[in-house]
Amino acid sequence: MSASWFTLPNLLTLLRLALAPFVAMAVLAHRPWIALALAAAAGAADGLDGWIARRWQQRSTLGAWLDPIADKILLASTWAALYLKGQAPGWLVATILGRDLVIVAGALAYEGLVGRLTIAPSLLSKWTTASQIVGALALIAAMGHPWPTALLRFIEVVVFALTVASGVHYVLVWSARARRELRKQR
């Protein structure tokens with residue numbers, strides 16, 4: 001991994017972080033097409049930063065931490081804005097934000113109690129993030145052009161189920177790993 005923070009992938013990740021409040025503001029201003037365009041730009045930056053990091057070996061410790069943080073801030077602010085506009089149910093937004101808080105608290109606890117944490121998202125976590133992205137985009141698009149209510153509720157249920165499953169999975173897997181590591185340290 002690169003020791004330098006000044007890499008193109010990290011700069012693209014910082015761009016995603018910078019776009020997060022603008023996506024949320026566009027949602028709150030009821031400008032769904034602007035929100036979708038900004039979200040598309042953030043998505044393109046996300047894909048590009050990962051590709052560049054792998055292709056030209058520009059992975060860095062900062063990038064390993066910053067990339068998921070950028071995802072979480074972008075998604076959390078977008079879902080919160082959707083809730084404030086009445087486009088997303090509170091129970092779903094609370095579940096999404098709650099899972100993220102559990103993951104962050106768990107990572108901090110792991111670092112403090114066990115030692116260095118290597119960040120590696122599970123396949124379930126990747127599916128959860130994808131569902132949250134698709135769900136947010138669908139709800140934003142529905143602001144500009146109504147979608148069938150049944151379809152939106154189905155999307156919400158899928159996002160909820162994957163979010164809960166992923167949160168439980170992280171707690172179980174990382175708790176077991178922490179117990180094993182602590183036993184080794186004794």
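Everything numeric in this text was worked out from a predicted model, so none of it was measured.

## A few points about the side chain of Arg99
Part 1 of the argument: Take Arg99: it is sitting in helix α4 (residues 90-113).
Part 2 of the argument: Exposure remark for Arg99: the relative accessible area of 5% places this residue in the buried category.
Part 3 of the argument: Ignoring sequence-local partners within four residues, the contact set of Arg99 consists of Lys72, Ser125, Thr128, Gln132, Thr163, Ser166, Gly167 and Tyr170.

## Quick notes on the pattern of salt bridges
Part 1 of the argument: Throughout the structure, instances matching the rule amount to eight salt bridges.
Part 2 of the argument: Between Asp46 and Arg16 there is a salt bridge; the shortest N-O distance is 3.2 Å. Of this pair, Asp46 sits in helix α2 (residues 32-55) while Arg16 is found in helix α1 (residues 8-28), placing the two residues 30 residues apart along the sequence.
Part 3 of the argument: Classification of Asp46 as partly exposed rests on a relative accessible area of 25%.
Part 4 of the argument: Arg16 sits in the buried class, given a relative accessible area of 0%.
Part 5 of the argument: Note that Asp100 is salt-bridged to Arg99, the shortest N-O span being 3.2 Å. For the pair formed by Asp100 and Arg99, the shared burial category is buried.
Part 6 of the argument: It is possible to trace a salt-bridge network through shared partners that takes in Arg16, Asp46, Asp49, Asp67 and Asp71.

## What about the environment of Met25?
Part 1 of the argument: Take Met25: it is sitting in helix α1.
Part 2 of the argument: Between the alpha carbons of Met25 and Ala81 there is a distance of 7.6 Å; along the sequence they are 56 residues apart.

## Notes on α4
Part 1 of the argument: Taking 1.5 Å per residue, 24 residues should reach 34 Å; α4 reaches 33 Å between its end C-alpha atoms and fits that length.
Part 2 of the argument: Along α4, the residues that are buried comprise Leu92, Val93, Thr95, Ile96, Arg99, Asp100, Ile103, Ala107 and Tyr110.
Part 3 of the argument: Along its buried surface, α4 packs onto α3 (61-84), α5 (123-144) and α6 (149-185).
Part 4 of the argument: Backbone geometry just after α4 places Gly115 at a positive phi near 140 degrees.

## A short note on the packing of α1 against α2
Part 1 of the argument: Relative orientation of the contacting elements α1 and α2 amounts to 165 degrees, with a least axis distance of 9 Å. Taken together, the axes of α1 and α2 lie roughly antiparallel to each other. Every pair of crossing elements has a handedness; the one defined by α1 and α2 is left-handed. Residues Leu8, Pro9, Leu12, Thr13, Leu15, Arg16, Leu19, Phe22, Val23, Ala26 and Val27 of α1 pack against Ile34, Ala35, Leu38, Ala39, Ala41, Ala42, Ala45, Asp46, Leu48, Asp49, Ile52 and Ala53 of α2.

## Let's talk about the packing of aromatic side chains
Part 1 of the argument: A full pass over the atoms with the stated rule returns three aromatic pairs.
Part 2 of the argument: For the pair Trp51 and Trp56, a centre-to-centre distance of 5.2 Å together with 90 degrees between the ring planes defines the contact as edge-to-face.
Part 3 of the argument: Of the residues examined, Trp56 reaches a relative accessible area of 46% and is grouped as partly exposed.
Part 4 of the argument: Centre to centre, the rings of Tyr110 and Trp174 are 5.6 Å apart; their planes meet at 85 degrees, and the pair counts as edge-to-face. Residue Tyr110 is located in helix α4, and its partner Trp174 is located in helix α6; the two are separated by 64 residues in the primary sequence.
Part 5 of the argument: A cation sits over an aromatic face here: Arg55 above Trp56, 5.2 Å from the ring centre.

## Things to note about the nonpolar core
Part 1 of the argument: Ranked by size, the top nonpolar core spans 23 residues in total, and within it Val27, Trp79, Leu82, Ala88, Leu139, Ile140 and Val159 carry the most contacts.
Part 2 of the argument: At the level of elements, α1, α2, α3, α4, α5 and α6 are the ones that each hand at least two residues to this core.
Part 3 of the argument: Sorting elements by how many residues they give to this core places α5 first, with seven residues.
Part 4 of the argument: Sequence-distant contacts of Val159, defined by excluding residues within four places in its chain, comprise Trp79, Leu92, Ile96, Ser131, Gln132 and Gly135.
Part 5 of the argument: Counting residues in hydrophobic clusters, the runner-up holds eight residues, among them Ala107, Tyr170, Trp174 and Ala178.

Conventions adopted
Residues numbered from 1 in each chain as written. Predicted model: local features only at pLDDT ≥ 70, side-chain atom pairs only at ≥ 80, totals over all residues. Heavy atoms only, no water. Helix = DSSP H or I, 4+ residues; strand = E, 2+ residues; numbered from the N terminus. Buried < 20%, exposed > 50% of the residue type's maximum accessible area, 1.4 Å probe, protein only. Contact = heavy atoms within 4.5 Å. Salt bridge = Lys/Arg side-chain N within 4 Å of Asp/Glu carboxyl O. Expected span 1.5 Å × (residues − 1). Axes fitted to C-alpha atoms, helices over the stretch in contact; angles between N-to-C directions. Parallel < 35°, antiparallel > 145°, perpendicular 65-115°, else oblique. Left-handed = near helix turned anticlockwise from the far one by under 90°. Phe/Tyr/Trp six-rings, centres within 6.5 Å; stacked < 30°, edge-to-face > 60°. Lys NZ or Arg CZ within 6 Å of the ring centre and 35° of its normal. Core = buried A, V, L, I, M, F, W, Y, C linked by side-chain atoms within 4.5 Å.

Honestly, it's all geometry; don't read function into it.
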